[in-house]
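Below, each chain spelled out in residue letters.
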Amino acid sequence: MLIGVKSAQFLLSHLEFAMLTIKESLEKVITEALIEVCGIKDAKGQVIYASRPEFGDYQANGVMAVARQLRQNPRDLAAQVVDKLAGNTLVTRAEVAGPGFINIFLNTEMLAGRANACLADHTALIIPSSHPQTIVVDYSSPNLAKEMHVGHLRGTIIGDSIVRILEALGHCVIRQNHVGDWGTQFGMLIAHMNSLSNDEKALSSNLADLEGFYRAAKQRFDAEPEFADLARSYVVKLQQGDADCLAAWQRFIDESLRHCEEVYALLSIGLKRSDLRAESFYNKELPNIVKALSEKGLLSESEGAQCVFLDEFKGKDGNPLPVIIQKRDGGYLYASTDLAAIRYRSDNLGADRVLYVVDARQSLHFQQVFAVARAADFVRQSCKLEHIAYGTMMGEDGKPFKTRSGDTVKLRELLDEAVARARDLVAEKNPDLSDTEKALIASTVGIASVKYSDLSKNRTSDYVFDWSSMLSFEGNTAPYLLYAYARIQSVLRRLEEESVTPGEHVYLVQPEERALAVKILQFAELVQQLGDDCFPNQLCLYLYELSGLFMKFYESCPILKSDSETRKSRLALANLTAITLKKGLNLLGIEPLQRM
Ligand code: ARG
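Residues numbered from 1 in each chain as written. Predicted model: local features only at pLDDT ≥ 70, side-chain atom pairs only at ≥ 80, totals over all residues. Heavy atoms only, no water.

1. Some details on the pattern of salt bridges
Side chains carrying opposite charge are able to pair once their charged atoms draw close together.
For step 1, the next point in the chain: As enumerated under the stated definition, the model contains 31 salt bridges in all.
For step 2, the next point in the chain: Lys 218 is the salt-bridge partner of Asp 222, the closest N and O atoms lying 3.1 Å from each other. Of this pair, Asp 222 and Lys 218 both sit in helix H9 (residues 210-223), separated by four residues, roughly a single helical turn.
For step 3, the next point in the chain: Note that Lys 384 is salt-bridged to Glu 386, the shortest N-O span being 3.5 Å.
For step 4, the next point in the chain: On the basis of relative accessibility, which here comes to 14%, the residue Glu 386 falls in the buried class.
For step 5, the next point in the chain: Here the residues in one salt-bridge network are Glu 147, Asp 209 and Lys 410, joined through shared partners. (Salt bridge = Lys/Arg side-chain N within 4 Å of Asp/Glu carboxyl O. Helix = DSSP H or I, 4+ residues; strand = E, 2+ residues; numbered from the N terminus. Buried < 20%, exposed > 50% of the residue type's maximum accessible area, 1.4 Å probe, protein only.)

2. Examining the nonpolar core
For step 1, the next point in the chain: Among the nonpolar cores identified, the biggest contains 156 residues, and Leu 26, Ile 102, Val 137, Phe 186, Leu 414 and Leu 588 are the most heavily contacted of them.
For step 2, the next point in the chain: When residues in this core are grouped by element, the largest group, ten residues, is from helix H22 (residues 564-587).
For step 3, the next point in the chain: Residues Leu 298, Leu 299, Tyr 344 and Val 358 belong to the second largest nonpolar core, which totals 36 residues. (Core = buried A, V, L, I, M, F, W, Y, C linked by side-chain atoms within 4.5 Å.)

3. A few points about the pairing of strand E4 (residues 101-106)
For step 1, the next point in the chain: Most of E4 is tucked away: five of the six residues are buried.
For step 2, the next point in the chain: The pairing of strand E2 (residues 58-60) with E4 spans three bridges and is classified as antiparallel. Among the inter-strand pairings, Gln 59 is bridged to a residue of E4, identified as Asn 103.
For step 3, the next point in the chain: The pairing of strand E3 (residues 91-97) with E4 spans six bridges and is classified as antiparallel. (Pairing = 2+ DSSP bridges.)

4. Side note on the sheet that holds strand E9 (residues 320-326)
For step 1, the next point in the chain: On the basis of which strands lie adjacent, the open sheet formed by three strands has the order E7-E8-E9 and antiparallel pairing. Looking along the sheet, the strands with just one partner apiece sit at the ends: strand E7 (299-302) and E9. With strand direction ignored, the average angle separating the axes of adjacent strands in the sheet is 50°.
For step 2, the next point in the chain: Judged from the four bridges that link them, E7 and strand E8 (residues 305-314) form a sheet pairing that is antiparallel. From the neighbouring strand, Ser 300 faces E8, where its bridge partner is Cys 307. (Axes fitted to C-alpha atoms, helices over the stretch in contact; angles between N-to-C directions.)

5. Digging into the site of the ligand
For step 1, the next point in the chain: Near the ligand, the surroundings consist of Asp 138, Ser 141, Asn 143, His 178, Tyr 334, Asp 338, Tyr 356, Val 358, Gln 362 and Phe 366.
For step 2, the next point in the chain: A distance of 2.9 Å is found between a nitrogen atom of the ligand and a backbone nitrogen or oxygen belonging to Ser 141.
For step 3, the next point in the chain: The side chain of Gln 362 places a nitrogen or oxygen atom 2.9 Å from an oxygen atom of the ligand.
For step 4, the next point in the chain: Within the complex, the protein chains bury 88% of what would otherwise be the 350 Å² of accessible surface of the ligand.
For step 5, the next point in the chain: Of all the elements in the fold, those that place two or more residues in the shell around the ligand are helix H13 (334-348) and strand E10 (353-359). (Near = heavy atom within 4 Å. Polar contact = N/O pair within 3.5 Å; in protein donor to acceptor, adjacent residues only side chain to side chain. Areas by Shrake-Rupley, 256 points an atom, 1.4 Å probe, with all protein chains shown as cover.)

6. Observations concerning the environment of Arg 93
For step 1, the next point in the chain: Structurally, Arg 93 is set in strand E3.
For step 2, the next point in the chain: The exposure class of Arg 93 is partly exposed, given its relative accessible area of 42%.
For step 3, the next point in the chain: In sequence terms Arg 93 and Arg 232 are 139 residues apart; their C-alpha atoms lie 76 Å from each other.
For step 4, the next point in the chain: Contact partners of Arg 93, with chain neighbours within four places excluded, come to Asn 103, Ile 104 and Phe 105.
For step 5, the next point in the chain: Polar side-chain contacts of Arg 93 include one of 2.8 Å to the side chain of Glu 95. (Contact = heavy atoms within 4.5 Å.)

7. A short note on the packing of helix H21 (residues 536-556) against H22
For step 1, the next point in the chain: Between H21 and H22, the shortest axis-to-axis distance is 10 Å and the interhelical angle comes to 160°. Here H21 lies roughly antiparallel to H22, going by the angle between them. The handedness of the crossing between H21 and H22 is left-handed. Contact residues: Leu 539, Tyr 542, Leu 543, Leu 546, Ser 547, Phe 550 and Phe 553 in H21; Arg 570, Leu 573, Ala 574, Thr 577, Thr 580, Leu 581, Gly 584, Leu 585 and Leu 587 in H22. (Parallel < 35°, antiparallel > 145°, perpendicular 65-115°, else oblique. Left-handed = near helix turned anticlockwise from the far one by under 90°.)

8. Observations concerning the sheet that holds E10
Paired through their backbone hydrogen bonds, the strands of a sheet run either parallel or antiparallel.
For step 1, the next point in the chain: Spatially, E6-E5-E10-E11 is the arrangement adopted by the four strands of the open sheet, whose pairing is parallel. Every interior strand has two partners, whereas the edge strands, strand E6 (172-176) and strand E11 (384-390), have only one. Along the sheet, successive strands turn relative to each other by an average axial angle of 20°, direction set aside.
For step 2, the next point in the chain: Summarising the sheet, strand E5 (residues 134-138) and E6 pair through five bridges and their orientation is parallel. Each bridged residue has a counterpart across the sheet, and for Val 137 the counterpart in E6 is Arg 175.

9. Some details on the packing of aromatic side chains
For step 1, the next point in the chain: Tallying each qualifying case throughout the model produces 17 aromatic pairs.
For step 2, the next point in the chain: Between Tyr 282 and Tyr 344 the ring centres are 5.9 Å apart and the planes differ by 75°, which places this aromatic pair in the edge-to-face class. Note that Tyr 282 is positioned in the loop between helix H11 (243-266) and helix H12 (286-295) and Tyr 344 in helix H13, a separation of 62 residues in sequence. For the pair Tyr 282 and Tyr 344, one class covers both residues: buried.
For step 3, the next point in the chain: Geometrically, the ring pair formed by Phe 550 and Tyr 554 is stacked, given 5.7 Å between the ring centres and 20° between the ring planes. Here Tyr 554 and Phe 550 lie together in helix H21, a separation of four residues that amounts to about one turn.
For step 4, the next point in the chain: In this structure Phe 550 comes out as buried when scored by relative accessible area, which is 4%. (Phe/Tyr/Trp six-rings, centres within 6.5 Å; stacked < 30°, edge-to-face > 60°.)

10. Some thoughts on the environment of Val 235
For step 1, the next point in the chain: Within the element layout of this structure, Val 235 appears in helix H10 (residues 225-240).
For step 2, the next point in the chain: Owing to a relative accessible area of 14%, Val 235 belongs among the buried residues under this scheme.
For step 3, the next point in the chain: It is 69 Å that separates the C-alpha atoms of Val 235 and Asn 107, two residues lying 128 residues apart in sequence.
For step 4, the next point in the chain: Ignoring any residue separated from it by four or fewer positions in sequence, one finds Val 235 in contact with Thr 184 and Gly 187.

11. Considerations on unusual backbone geometry
For step 1, the next point in the chain: The residue Ser 140 is not glycine, and still its phi comes out positive at about 70°.
For step 2, the next point in the chain: Topologically, Ser 140 is positioned in the loop between E5 and helix H6 (153-168).
For step 3, the next point in the chain: Take Ser 140: its relative accessible area is 8%, and that puts it in the buried class.
For step 4, the next point in the chain: The phi dihedral of Glu 303 is positive, around 50°, even though this residue is not glycine.
For step 5, the next point in the chain: By the secondary structure assignment, Glu 303 is in the loop between E7 and E8.
For step 6, the next point in the chain: By relative accessible area, Glu 303 is classed as exposed at 73%.

Laid out in structure tokens, this is it:
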């Protein structure tokens, strides 16, 4: 049947469309047809997904706006556009619907051609952006005075996923770990270090528990006035560049970074030392920021502090809110450093776009900093600044997640617990596995579950952390997807001896086969959209739906019992599903297992 012509056809369609997704190709074709019909140069096809299968695969909405503008009957106009689509290789059928939509039914052979092209070259599953940019992503960025706690989870893994997505789209991504390594707390920590440092062993073991170290220092700071004075004097010395103080500070920072790196390794986060641009990096620029703001006439003094007042920021009382740049004692603030960082990112790093993956509670801070940076020309006009905000991880009591005793939960401990829980689960489900296998599965499932349950929630909302739902094998969860992937692998293994030439076998006959192929090809569209709006939960939903379509296909389209050609086609389709699942999970920072 179709198989003979297929190879040639897929090559052609591959070449023709390699750089555009189906949706983009349709948008182009419909827009061109629409412009030809109506003569309006900026008319748009406005192609979106069809809302129901009986309405086709995609739908074009652009006719209505044009018809309104020309005072013409939209259905007549739509019919003319539909006529122009005759003979197009993308579309088998297009029909006018409702007040003037166009329902689009994709050409099944084109779909098979594209699926084969993706099998021949897996990179074709993602279509790089036609406008590669330099994108700075500021993420994780913990304060180094304390150990990473659960509050750092979201920014770290959401940022990491966004970075992976942008790189897959061919952008030049510059990671910036804007760690907090400066400020008054460090005086207190150095004072505590110095009191221990005669005994190197005691110091090392104390620093091993950074959280405890911080608590001890804070306790002394609050209880012992001489200690507090000493701590304050160290802050001044540190700012003056005193060598001993700097050495102690550096020692502490190194230790703290080592803690972070342990967590990054556990979570497979790709942040390296070279991605660090700590707050202290900008210290020497801060006087220049003050100077530049003053030269622009943006600075005014308020209660001894240097502030910027912008009309757009007013407090509840209607009075303008200040952005404090320099305190009365000469000290700088979080916002001052961020202004220096913006200038560096725009001018030195050449960013076209800067993404700040930071807690939503800092949203006013970023609005203000962005506005001041624009007003002061610290950022090139063309450079976009975006706060990629995320909500808080809550405990079952609806308050920010804490231990029973009300302490913050160390991220490290949370991850260890996840792996331990996964180990119990694996032992219960699969007691016959070897210990090594159990350990590998447990660490993958445990970590993936924590990451996935977070990434699958809309990042802008708060969510309640819940062990049992994240470790469930049902629903939109990591265990479900990892299991789905491993199951496809086991099907593929059983048929390993079949000779399958990549890129030649897929043909789509059953509706379940077709639906699966359409979904797979839409992966490229989704990844492009993710690059724009940075909502990894959309990727989770996609992967969950893809697995669901695979299950339907698997149930209604036998693989083993079919004739040879059909078997090869279905095998190839199963393989392409697995490849897509893996790519998608990788973009979330999850490496699936071959066996589970
Ligand atoms: N260190 C800050 C915190 O823990 C986050 C820094 C985010 N990045 C930035 N450029 N302000 O809250």
